[in-house]
Amino acid sequence: MTSQFSKLHEQGKVFLGPYYKGFDSSGFNPERALQGLRDLRDPELEKDILEFYRLARMQALVGTELDLDKVIFIYHWYTDLYGDFEGQPLVMMPVRMMQDFIHGEKSEFEYLLFAAYAAIRSMTGQKHFATTTKGMIFCRMFGAKNRTELARMLEDERIQAVYQKYNKRYYKDKILDHLLARRFLSAKIWFKNRLYVSAKYGYEELAEKVKEYVNQRHMKERIQADKARELEVKLELFQSNLQSNLQSNGK
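Overview of the structure. All values derive from a computational prediction rather than experimental measurement.

## What about helix 10 (residues 169-181)?
Here comes step 1: Given a rise of 1.5 Å per residue, 13 residues ought to cover 18 Å, and the 18 Å separating the end C-alpha atoms of helix 10 matches this to within 8%.
Here comes step 2: At the exit of helix 10 stands R183, carrying a positive phi of roughly 65°.

Right, dumping it as structure tokens:
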């Protein structure tokens with residue numbers, strides 16, 4: 001993006017205003033700058049600039065330094081590969097935790113714990129608990145929301161090497177145990193081939209949520225079975241009626 005701006009500046013399409021920071025006599029007013037962006041008639045560049053601003057604000061909030069051009073490059077790489085972020089799992093977590101992992105010295109295993117925590121948080125959403133499997137947690141840990149995307153991610157030899165190193169039952173169990181021991185998670189329950197995890201609910205509360213989830217799932221299965229049976233009966237009645245009409249017309 002810096003090179004794009006340099007080129008536009010050389011062409012005389014944008015001008016540098018070192019003292020302009022979005023204010024005029026009436027207070028904060030970014031409209032002049034925004035209108036200048038729109039006059040360039042380059043929607044992609046305008047989108048990048050606004051995204052750069054949001055990232056800069058986030059950087060100030062978190063209190064860290066990022067290579068924002070590189071972040072935007074990765075953003076474009078992801079959107080070229082997957083389309084956009086619509087419907088993609090996003091993660092929210094405490095700023096203090098992010099700062100600790102960005103600035104603090106961590107071991108490779110501790111970074112894996114952070115990735116596992118982010119993976120689980122991307123699943124829980126507003127329910128505050130997730131119904132998943134260890135394999136799916138590993139998918140999310142390595143940046144994929146399903147196994148199809150994971151296969152693409154593993155085309156990168158560096159990612160593949162780490163994945164093959166830790167994609168073992170021993171490490172999967174160890175990661176979950178450490179997430180609990182370090183209070184990244186508050187409870188986990190393995191029930192009927194599904195793993196239920198939460199960063200908010202204790203074991204008693206999570207058990208109640210699991211009961212509700214299982215009951216709702218059974219109810220949905222019954223409704224689907226009833227609808228399927230209703231459709232079968234309708235088809236039988238239609239065929240019987242059609243056969244009767246054919247016989248009547250034959251007479």
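On we go from here.
## Some points on the nonpolar core
Here comes step 1: With 34 residues, the main nonpolar core has I137, M141, I175 and L179 as its most contacted residues.
Here comes step 2: Where this core is concerned, the elements lending two or more residues are helix 5 (95-103), helix 6 (108-124), helix 7 (134-141), helix 8 (147-153), helix 9 (157-166), helix 10 and strand 5 (194-198).
Here comes step 3: Per-element tally for this core: the top contributor is helix 6, with 11 residues.
Here comes step 4: For I175, the contacting residues outside a window of four places in its chain are F109, L113, A116, F138 and M141.
Here comes step 5: The next biggest cluster of nonpolar side chains, apart from the first, holds 8 residues, and it includes F129, Y196, L206 and V214.

## Re the packing of aromatic side chains
Here comes step 1: For the coordinates displayed, the defined rule picks out 7 aromatic pairs.
Here comes step 2: With a centroid separation of 6.0 Å and 40° between ring planes, the pair formed by F138 and F142 is classed as tilted.
Here comes step 3: Relative accessible area serves as the criterion here: at 2%, F138 is assigned to the buried category.
Here comes step 4: Classification of F142 as buried rests on a relative accessible area of 12%.
Here comes step 5: Through successive ring pairs, a cluster of aromatic residues spans F138, F142 and Y163.
Here comes step 6: Its guanidinium or amino end placed over the ring of F138, K172 lies 5.3 Å from that ring's centre, counting from NZ or CZ.
Here comes step 7: Above the plane of the ring of F109 lies K174, whose end atom (NZ or CZ) is 4.7 Å from the centre.

## Re the sheet that holds strand 5
Here comes step 1: Sheet architecture is open: 3 strands sit in the order 3-5-4, paired in antiparallel fashion. At either end of the open sheet lies a strand with only one pairing partner, and these are strand 3 (130-132) and strand 4 (187-191). Across the sheet, the axes of successive neighbouring strands diverge by a mean angle of 20°, strand direction being ignored.
Here comes step 2: Across 3 bridges, the pairing between strand 3 and strand 5 is antiparallel. Within strand 5, the residue paired with T132 across the bridge is L195.

## Quick look at the pairing of strand 5
Here comes step 1: When you tally the buried positions in strand 5, you get 4 out of 5 residues, the bulk of the element.
Here comes step 2: Summarising the sheet, strand 4 and strand 5 pair through 5 bridges and their orientation is antiparallel. Of the residues in strand 5, the one forming a bridge with F191 is R194.

## Here we look at unusual backbone geometry
Here comes step 1: Its identity as a non-glycine residue notwithstanding, H128 has a phi of 65°, on the positive side.
Here comes step 2: Take H128: its relative accessible area is 32%, and that puts it in the partly exposed class.
Here comes step 3: At K192, a position not held by glycine, the phi torsion is positive, near 50°.
Here comes step 4: Structurally, K192 is set in the loop between strand 4 and strand 5.
Here comes step 5: Overall, the relative accessible area of 58% leaves K192 in the exposed class.

## Focus on helix 6
Here comes step 1: The end-to-end C-alpha separation of helix 6 is 25 Å, in line with the 24 Å expected for 17 residues at 1.5 Å each.
Here comes step 2: Helix 6 sits mainly inside the fold: 13 of its 17 residues count as buried.

## Some details on empty space enclosed by the protein
Here comes step 1: In total, this model carries 1 cavity of 30 Å³ or more according to the counting rule given.
Here comes step 2: Approximately 50 Å³ is the volume attributed to the largest cavity.
Here comes step 3: Every residue along the wall of the largest cavity is listed here: A116, K134, I137, F138, M141, K172, I175 and L176.
Here comes step 4: Taken together, the elements giving at least two residues each to the lining of the largest cavity come down to helix 7 and helix 10.
Here comes step 5: Looking at the lining of the largest cavity, the element that brings in the most residues is helix 7, giving 4 residues.

## Concerning the packing of helix 7 against helix 10
Here comes step 1: Contact pair helix 7 / helix 10: the axes reach a minimum separation of 11 Å and the direction vectors enclose 80°. Taken together, the axes of helix 7 and helix 10 are roughly perpendicular relative to one another. Contacts between helix 7 and helix 10 involve K134, G135, I137, F138 and M141 from the first element and K172, D173, I175 and L176 from the second.

Cut-offs applied
Residues numbered from 1 in each chain as written. Predicted model: local features only at pLDDT ≥ 70, side-chain atom pairs only at ≥ 80, totals over all residues. Heavy atoms only, no water. Helix = DSSP H or I, 4+ residues; strand = E, 2+ residues; numbered from the N terminus. Expected span 1.5 Å × (residues − 1). Core = buried A, V, L, I, M, F, W, Y, C linked by side-chain atoms within 4.5 Å. Buried < 20%, exposed > 50% of the residue type's maximum accessible area, 1.4 Å probe, protein only. Contact = heavy atoms within 4.5 Å. Phe/Tyr/Trp six-rings, centres within 6.5 Å; stacked < 30°, edge-to-face > 60°. Lys NZ or Arg CZ within 6 Å of the ring centre and 35° of its normal. Pairing = 2+ DSSP bridges. Axes fitted to C-alpha atoms, helices over the stretch in contact; angles between N-to-C directions. 1 Å grid on protein atoms, 1.4 Å probe; cavity = no way out; pocket = protein on both sides within 12 Å on 5 of 7 lines; lining within 4 Å. Points joined across faces, edges and corners; volume = space filled by probe spheres on them. Parallel < 35°, antiparallel > 145°, perpendicular 65-115°, else oblique.

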